[in-house]
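Fold and contact review
The lines below spell out each chain.
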Amino acid sequence: LPSEYWDSLRRRRFSRRTALRGAAITGVGAASIALVGCGDDDDDDDDDGGETATATSTATAAPATETATEEGTGTATGTATAEPTAEPTEEVQLGGIYHAPLVGISTGNPPTLYPFKVSTYLAAIPAGYHYSRLLRYTNIVGGDPLDYATVEGDAAESYEQPDETTAVFSMRSGIKYHNVAPVNGRDLNADDVLASHEAFLAAQTETAGQWAGVVQTLEAPDEGTIQVTLTKPYAPFLTLAASPEHLWIIPTEITGGDEATQEKPVGSGPWIFKEFVPDNRIVWEKNPEYFETGEPYMDSVEASLVRDPATIIANLESDTFDASLLDPALFTQVENLEGLELIFNLNQVIGGIFFNLDEAPWSDPRVRQAISLSLDRDGMKAALDPPGRGKKFSAISHLGEFFLDPDGPDFGENAYLYSQDLTEAQALLEAAGVSELSGLSWIYSPVYGPVYEQLFGICQENVRALGFDTTTTQIQYPEYRTKQFYGQFNNALAVGPLYVAIDPSICLFTVYHPESGRHNWGGALDSANGPGGDQEWLDMVAASESELDIEARVPLVHDIQRYMADKMWMVPYYGSPGMLGYKSHVKNFNYKSSFSFGTDTLRKVWLDVEA
Amino acid sequence: VRQYIFRRVLLIIPTIIGVTILVSLSIRLLPGDAVDALADQVGAGNEDEVRAELGLDKPWPEQYINWLGDAITGDLGTSFRSGGTTVLDELKVRLPVTIQLGIMALGISLVIALPIGIYSAIRQDQVGDYAARSFAIAALAVPSFWLATLAVIYWPRIFGDSLPITYHKLWEDPWANLQQMWVPAMILGFAVAGSIMRLTRAQMLEVMRQDYVRTAWSKGLRERSIVTRHALKNALIPVVTLIGLQVPVLVGGSVVLEQIFVLPGLGQFFIVALINRDYPVILGINLIIASIIVVTNLVVDVAYSMLDPRIRLA
């Protein structure tokens, strides 16, 4: 049953969190750990956010208790929040301004503040501050920053899956939009959800196409209920519903407004949009009417649109910034910064070397395997991951228990393909009848920044060791995104990140499936050389995404990774970890690596302004 | 003079049109077009429709003439990327930032370069001259981005607080604005000061060897009087030309500094527009920059006649 799937998954996640508590997130003190799960705050309603006002918090739940509460529901439904059951050990301080780069060194101007318009993190991340979704990712202390399967109600109070292709969301009552024109603080209603859904689909973006492939209809049988009918049994549907790249709930005044109206967001999320100064900052203020009573704790958020690493580090050093995403390549520059706590998470952005699979010699899997054998992933780790917190990728990125580590004991006979072995690589090339090749292009886009360029350079040097003489060909993003990214190139190898994965099935479908909007591997969609022509693989993927029992789904996904090691349609490089630094005065910082950071993480963060 | 200015103003028009034609043509030689850059907003198979919507399906001359016609009426079009904001609105917000940075940098460079250049000339081959020349070489050789990075890194280590990065408009909060602007202006001004200082020195040395200056010395005038009242005015004429030529340098230099100091000027806007093939923005910015440069050159030429009556503009 679908409910068993989610209950089972939830139980597994919480038990693992308990084990990781106090270890995974090194900088969070025991006192602030106990604050996780804050759902209510009796006294802070009267507080307008004075900078050092202190709330007598009575609404905190320790993780273990929260586990019990969530498991205790034991039904097909998911609930909005855990009930408070534990006394706090530290008082939440209200107020203060949270100041940090919007993203980190990958910051840029949002191309739009209307998230349906464009599929990009720069549009999704701001939306995560001011808009709500049906569901959101559950975020507790010690939780896995890459756990996207554990979800909870956001605008929906609860949800259930009465059968394999139906999901029913019971909406919270009395959710108010921000008191800003043209919406002026009215209640969120089912019409907004329906209109948002229509607007999302009408935008015809890649993510809308992904959603449309799964969602057959979205209806409102009554004012408080949203019913979704799926096109097929789909295990990661709730993850998709919580995804900040998909269905935001935007008021009809905005979805039905003109372009200028759509660029002035008015939502129901924890933060009220105040201003966007391109190339400088985005500012939000606390939503005093937020439906999670008492949250958010801080007065406002100022997200700087800064991406220069020196500027970011200097502002962390001076406490101007409270936190920032950082690249692990900067580790040695920040590891000794006073009061800076570092959080590491595995890499969710799968990427590697990809090919035109209809072109010789890349059509031969032995050649692709040889390229994988040429990659010095340990060297990449040494060069780009000084803290050594990353891992090799398999065919997917590091998605919790779904990920099968090539260096682990269970990968099987093809694990050797992920370790450098030039002798074996040459033997494979010889067997494939391939000797030295010259005049090849080594294609990538510089848009991903200097650290990625360094990674691409290491890969290029490794491949050259096979006798493949490649010339660097940088392609500007506009062309790259529409041609090379889709495998449209000849006499060349391409390299780059491909997808920010939140679920293995979504990842496998998006990156490799012929029905996906993108197919980074080149060649015909149904080419016998590619995944589109491999019926066995197509069946495996279909089976894994429709398997609603987590216990059964994990091994299916593992089998796919073992199978794909042999095929090597894309040769993955090393996955450097994500690294985030936050200052010690920032409390309750339970990081979720999500585009909806503003809601999932920041609504519960508070500042020790007296520190 | 009026006739000269009138003729030069008339010449500005074909100059600017020529610049925009060149820019418009050259950006179309780059691989990928604006619709490719909008791939994340354009559904598969909708490319032609979007191309028509943006007017990119028409022949280039027609596109250019349409743009020019609109530009003459003050309509520089709408950015393909910025959510419906017009190019003019963007420029209204960003241009003052870049202009302020440029003016401050130019002012700082003159304050640094002129006294040092003069001092260096009148104390030729003395310790002060060597120091001043070393300073000029350093100003020319040290990249602005390196100085900027040093400033950003070491400022908090020395003074505790980092340099401000929250931008405030000059007319809304002048103090906060100047707190953020003065360091990048100093760095940009330092870079420009090198060449101005060297030219000032060279010109001063040349003028100081002129007969009329020698006569002034022989009449027993004081050094200050000779330098400031007789030599400097003539020495500054080529320097004024050089100052006029610094405008593109200041605009170019501001691109990197705006990024490091998080200033919402034209620089970043232009770079992103280039990457996105955002034709209206690229053309709009080039139109403005070209206009500033040709107007500056005109002002410099007119200033010539005021500094040196021997120069006949007509």
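Reference entry: report on the structure contained in this document. (Residues numbered from 1 in each chain as written. Chains lettered and ligands numbered in written order. Predicted model: local features only at pLDDT ≥ 70, side-chain atom pairs only at ≥ 80, totals over all residues. Heavy atoms only, no water.)

1. A closer look at the overall build of chain B
The helix and strand inventory of chain B stands at 12 helices and zero strands. When the helices and strands of chain B are read in sequence order from the N terminus, they spell out α-α-α-α-α-α-α-α-α-α-α-α. A total of 314 residues make up chain B; the buried ones form 48% of that total. For chain B, the accessible surface area stands at approximately 15,500 Å², while carbon and sulfur atoms represent 65% of it. For chain B, the distance from the average position of its 25 positive side-chain charges to the average position of its 25 negative side-chain charges is 19 Å. (Helix = DSSP H or I, 4+ residues; strand = E, 2+ residues; numbered from the N terminus. Buried < 20%, exposed > 50% of the residue type's maximum accessible area, 1.4 Å probe, protein only. Areas by Shrake-Rupley, 256 points an atom, 1.4 Å probe, with all protein chains shown as cover. Lys, Arg positive; Asp, Glu negative; His and termini not counted. Charge placed at Lys NZ, Arg CZ, Asp CG, Glu CD.)

2. A look at the interface of chain B and chain A
Between chain B and chain A, the contact holds 38 residues from the first and 36 residues from the second. Summing both partners gives a buried area of about 2,900 Å² for chain B against chain A, and 52% of it is carried by carbon and sulfur. Seen at the junction of chain B and chain A, the total is two salt bridges. In this structure, Glu317 of chain A and Arg157 of chain B form a salt bridge, with 3.0 Å as the shortest nitrogen-oxygen distance. Taken together, the links from chain B to chain A amount to 12 residue pairs in polar contact (both at pLDDT 80 or more). In terms of residue count, the dominant contributor to the side of chain B that touches chain A is helix H7 (residues 144-159) of chain B (five residues). (Contact = heavy atoms within 4.5 Å. Buried area = accessible area lost by both parts, 1.4 Å probe. Salt bridge = Lys/Arg side-chain N within 4 Å of Asp/Glu carboxyl O. Polar contact = N/O pair within 3.5 Å; in protein donor to acceptor, adjacent residues only side chain to side chain.)

3. Here we look at the environment of Gln426 of chain A
Residue and element names in this part refer to chain A. The residue Gln426 is located in helix H14 (residues 422-431) in this model. Note: C-alpha distance between Gln426 and Ile371 (55 residues apart in sequence) is 9.5 Å. Residues in contact with Gln426, not counting those within four places in the same chain, are Ala465 and Leu466.

4. Overview of the sheet that holds strand E15 (residues 340-345) of chain A
Residue and element names in this part refer to chain A. The strand order across the open sheet built from three strands is E14-E23-E15, with neighbouring strands paired in antiparallel fashion. A single partner strand is all that each edge strand has here, and the edge strands are strand E14 (323-326) and E15. On average, adjacent strands in this sheet sit at an angle of 20° to one another, irrespective of strand direction. Looking at chain direction, E14 and strand E23 (residues 578-583) are connected through four bridges and run antiparallel. (Pairing = 2+ DSSP bridges. Axes fitted to C-alpha atoms, helices over the stretch in contact; angles between N-to-C directions.)

5. Notes on the packing of aromatic side chains
Residue and element names in this part refer to chain A. Inspection of the entire model under this criterion finds 33 aromatic pairs over all chains. Considering the side-chain rings of Tyr121 and Phe595, the 6.4 Å spacing of their centres and the 35° angle between planes classify their relative orientation as tilted. Taken as a pair, Tyr121 in helix H4 (residues 121-130) and Phe595 in the loop between strand E24 (586-587) and helix H20 (597-600) lie far apart in primary sequence, 474 residues in all. The class for Tyr121 is partly exposed, based on a relative accessible area of 30%. Note on Phe595: relative accessible area 17%, which makes it buried. (Phe/Tyr/Trp six-rings, centres within 6.5 Å; stacked < 30°, edge-to-face > 60°.)

6. Re the environment of Ile27 of chain B
All names here are of chain B. Among the structural elements, Ile27 can be located in helix H1 (residues 2-29). On the basis of relative accessible area, Ile27 is assigned to the buried category, the value being 5%. Placed 209 residues apart in sequence, Ile27 and Leu236 show a C-alpha to C-alpha distance of 39 Å. Once residues lying within four places of it in the same chain are set aside, the contact partners of Ile27 are Leu274, Tyr279 and Ile282.

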